[in-house]
Amino acid sequence: MTVQTPVTTIEVRNPRTGAVDYRFQPTTPAELEQIAIAARAAQVDWLALELEARIAILARWVEKVDAAAPQIIAAVTADTGRHAESLREIGNIGKWITRWSDVARTALAVEPIATGNPDIQSIADYSPYPVLGVISPWNFPLSLSLMDAIPALLAGCAVIIKPSEVTPRFVEPLAATIAEVPELAQVLHYVRGAGELGAALVDQADMICFTGSTATGRKVASRAAARFIPCFTELGGKDPAVILEGADIERATSAIVTGATLATGQQCYSIERIYVHRSLHDAFVARLTEKASALKLALPGPRDGQIGPLTFAPQAEILARHLADARQKGAKIHCGGEIETHDGGLWCAPTVLSGVDHTMAIMTEESFGPLMPIMAFDTVDEAVRLANDSPYGLSGAVFGPEAEAVAVAQRLDLGGISINDAGLAPFFIGDACVAEKTAFKASGLGGSRLGRDSIKRFLRKKALLVNRSTQKSPWWFDA
Ligand code: NDP
């Protein structure tokens, strides 16, 4: 007798109303296995296509995405409660395909390399991992599901994506556009479900790209290690901003108020702690408070204001805990500071705090909200020590005269550092003309997502060594 495992419908909360208004049937592990088998078989034909043919297929997909833009944008907006960022998310698809196509044309070329031995020619060749598994989070549900998938498809991989169950609405309209491009539909699959399905994907794929929390990243990386497959993890952050004595306060406060509150601070590279030279401290706090107070919640509709709701309800508890802990230990709140409920959604206005220190969770744990705690420093050495005093090392910012700011940035244990701006790295995804970066410490492991060669993460490297001599090789047995 076959025992049927009941398929449990997953219920999804709307971030603006708090109501469950969307339900879906998760992909079962058995269905995932069948998808992986089919994707693995289809990848052979996908790889056999010329690169230009893969590029043309992806370009056709962009046309379908553009045609379905209203439905996709509506779904992402319902998933996240935000409109402006939903436009950016869908815009990324075409932009990234164009940029990565240009990169692929040069980066994927097979290269002859002269060895020191005139008889031996070396050829650097590549073979893509057949099936890439992507596991992505809820904060930018569409973009983060495709950030690694697009270069991987160009490199010749098939891709299976497991986005977060918290924000699954966008998958239906997006998958409909994929289905309209049959060649692509063979090698690009979305599966939907909770964490267990992500774990099951690790068991099916040949390589994993995981974006999410450090806690889950550890589990995914361990499981991938047991299978001996590569796993690239892009994890949490606690990005510092350092404001040096010679910094332009006007510029620094404008960049930081954006870098800390864009997408309601629900970005891995949000500025989450600010160290400002004591001589600027009071003026900086006052100006940042003015600018933060001028931002409006996105009410009554998602097109209003700048600050959307908290997408994932449990995040409100983390923010409330960080604020309560900071208050109880003596921090001063200059604006914001409360979790608000409007129409059933959970909100947090941009919040500026001073009088904070590293005994407070708000300075040491990832908050993932629009909180801007500010601490004064007296010397550059102290600022560097404080900025590096974190388990995370994703990215950060330094403001000040360029040479001084660059010198400070070089001492920070962070992968991507914006100088006199904040959060610059994501604007350069797929751009060949930007440096590579790795996540430091608990913010991740693996090759760079940024820079020309990052597409090579999806390739296994092959060294072909050709002996052109007609003579016996000196290292052969004399036989
Ligand atoms: P999670 O780690 O909770 O989830 C990420 C993904 O992993 C989701 O699809 C989740 O599924 C899935 N998952 C959960 N458990 C498992 C498991 N055992 N095995 C495999 N997959 C699993 O992250 P969040 O969704 O909460 O995202 C927020 C976090 O992501 C923050 O820490 C943020 O800093 C980080 N992040 C990092 C970025 C970077 O580039 N460094 C970019 C953006 C976000 P489900 O949600 O369905 O449970």
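Everything numeric in this text was worked out from a predicted model, so none of it was measured.

J.: Which parts of the structure should I look at to understand the side chain of Asp206?
T.: Tracing the chain through its elements places Asp206 in the loop between α9 (195-204) and β8 (207-211). Among the polar contacts listed, one links the side chain of Asp206 to the side chain of Arg40, at a separation of 2.7 Å.

J.: Would you mind showing me how to read the site of the ligand here?
T.: As a matter of local geometry, the ligand sits amid 31 residues, with Ser136, Lys162, Ser213, Leu235 and Glu366 nearest to it. The contact in question runs from an oxygen atom of the ligand to an N or O atom on the side chain of Lys162, over 2.8 Å. The separation between an oxygen atom of the ligand and a polar side-chain atom of Ser213 is 2.6 Å. Relative to its free-state accessible area of 910 Å², the ligand is covered by the protein chains to the extent of 87%. Residues of the shell around the ligand, tallied by class, amount to 13 nonpolar, 12 polar and six charged. No fewer than three residues from each of domain 1 (10-235 + 443-465) and domain 2 (239-428) sit in the shell around the ligand.

J.: Help me out: how do you make sense of the nonpolar core in this one?
T.: Generally speaking, soluble globular proteins have nonpolar side chains that are buried together. Among the nonpolar cores identified, the biggest contains 81 residues, and Trp61, Leu146, Leu154, Val159, Leu174, Leu184 and Ile455 are the most heavily contacted of them. Once residues lying within four places of it in the same chain are set aside, the contact partners of Leu154 are Leu51, Arg54, Ile55, Leu58, Ile97, Trp100, Ser101, Ala104, Leu108 and Ile455. Judged by nonpolar contacts, the second largest core, of 29 residues, contains Leu310, Leu353, Val384 and Leu412.

J.: Got a minute to help me understand a nonpolar patch on the surface in this structure?
T.: Nonpolar side chains collect at one region of the surface, where Leu424, Phe427 and Phe428 lie side by side and expose about 250 Å² of accessible area between them. Along the chain, Phe427 falls in the loop between β19 (416-419) and β20 (440-441). A relative accessible area of 46% places Phe427 in the partly exposed class.

J.: Looking at this structure, I do not really get helix α13 (residues 314-328). What am I missing?
T.: Note: α-helices contain 3.6 residues per turn, so residues at a spacing of three or four share the same orientation. For α13, with 15 residues, the first-to-last C-alpha span of 21 Å sits near the 21 Å given by 1.5 Å per residue. All of the buried residues along α13 are Gln315, Ala316, Leu319, His322, Leu323, Asp325 and Ala326. Buried residues in α13 make contact with β12 (332-335), β13 (339-342), β14 (345-348), β15 (351-354), α14 (361-364) and β16 (371-377).

J.: Would you take a moment to explain the domain arrangement of the chain for this structure?
T.: Much of the literature gives interface size as the accessible area that the parts lose upon coming together. Entries for the chain in the domain assignment read domain 1 (10-235 + 443-465) and domain 2 (239-428). With centres defined by C-alpha atoms, the gap from domain 1 to domain 2 works out at 30 Å. Taken residue by residue, the interface counts 24 residues in domain 1 and 32 residues in domain 2. Between domain 1 and domain 2 the total buried area reaches about 2300 Å² when both faces are included, carbon and sulfur atoms providing 54% of it. Taken as a group, Arg16, Trp138 and Ser443 account for 29% of the area that domain 1 buries against domain 2, more than any other trio of residues on that side. There are zero salt bridges connecting domain 1 and domain 2. Those elements that provide at least two residues to the side of domain 1 that touches domain 2 are α3 (69-80) and α4 (84-107). Residues belonging to the side of domain 1 that touches domain 2 are distributed by class as follows: six nonpolar, 10 polar and eight charged.

J.: Would you take a moment to explain the sheet that holds strand β7 (residues 188-190) for this structure?
T.: Backbone-to-backbone hydrogen bonds join strands into a sheet, with any given pair of strands oriented parallel or antiparallel. In space, the six strands of this open sheet follow the order β7-β6-β5-β8-β9-β21, with mixed pairing throughout. Bordering the open sheet on either side are β7 and β21 (444-445), each of which pairs with just one other strand. This element, helix α10 (residues 214-227), spans β5 (131-135), β8 and β9 (231-234) of the sheet and lies at about 175° to β9.

J.: Looking at this structure, I do not really get the environment of Ser145. What am I missing?
T.: Mapped onto the elements, Ser145 comes out in helix α5 (residues 141-146). Setting aside anything within four residues of it in sequence, one finds Ser145 in contact with Val134, Ser136, Phe140, Ile161, Phe170 and Tyr190. Here Pro141 takes part through its backbone oxygen, which lies 3.4 Å from a polar atom of the side chain of Ser145. A polar contact is formed between the side chain of Ser145 and the side chain of Tyr190, at a distance of 2.7 Å.

J.: Could you clarify how one ought to interpret the pattern of salt bridges in this entry?
T.: Side chains carrying opposite charge are able to pair once their charged atoms draw close together. All told, the structure shown has 24 salt bridges when counted by the stated rule. A salt bridge links Arg287 to Glu290; the shortest N-O distance between them is 2.3 Å. With Arg287 and Glu290 both in helix α12 (residues 281-294) and three residues apart, the pair spans about one turn of that helix. Measuring nitrogen to oxygen at the nearest pair gives 2.9 Å for the salt bridge that ties Asp453 to Arg452. Assessed through its relative accessible area of 34%, Arg452 is described here as partly exposed. By sharing partners, the salt bridges in this structure join Glu250, Arg287, Glu290 and Lys291 into a single network.

Criteria and thresholds
Residues numbered from 1 in each chain as written. Predicted model: local features only at pLDDT ≥ 70, side-chain atom pairs only at ≥ 80, totals over all residues. Heavy atoms only, no water. Helix = DSSP H or I, 4+ residues; strand = E, 2+ residues; numbered from the N terminus. Polar contact = N/O pair within 3.5 Å; in protein donor to acceptor, adjacent residues only side chain to side chain. Near = heavy atom within 4 Å. Areas by Shrake-Rupley, 256 points an atom, 1.4 Å probe, with all protein chains shown as cover. Nonpolar A, V, L, I, M, F, W, Y, C, P; charged D, E, K, R; others polar. Domains from an automatic or database assignment. Core = buried A, V, L, I, M, F, W, Y, C linked by side-chain atoms within 4.5 Å. Buried < 20%, exposed > 50% of the residue type's maximum accessible area, 1.4 Å probe, protein only. Contact = heavy atoms within 4.5 Å. Patch = residues over 30% accessible without salt bridge, like charges linked within 9 Å, V, L, I, M, F, W, Y side chains within 5 Å. Salt bridge = Lys/Arg side-chain N within 4 Å of Asp/Glu carboxyl O. Expected span 1.5 Å × (residues − 1). Buried area = accessible area lost by both parts, 1.4 Å probe. Pairing = 2+ DSSP bridges. Axes fitted to C-alpha atoms, helices over the stretch in contact; angles between N-to-C directions.

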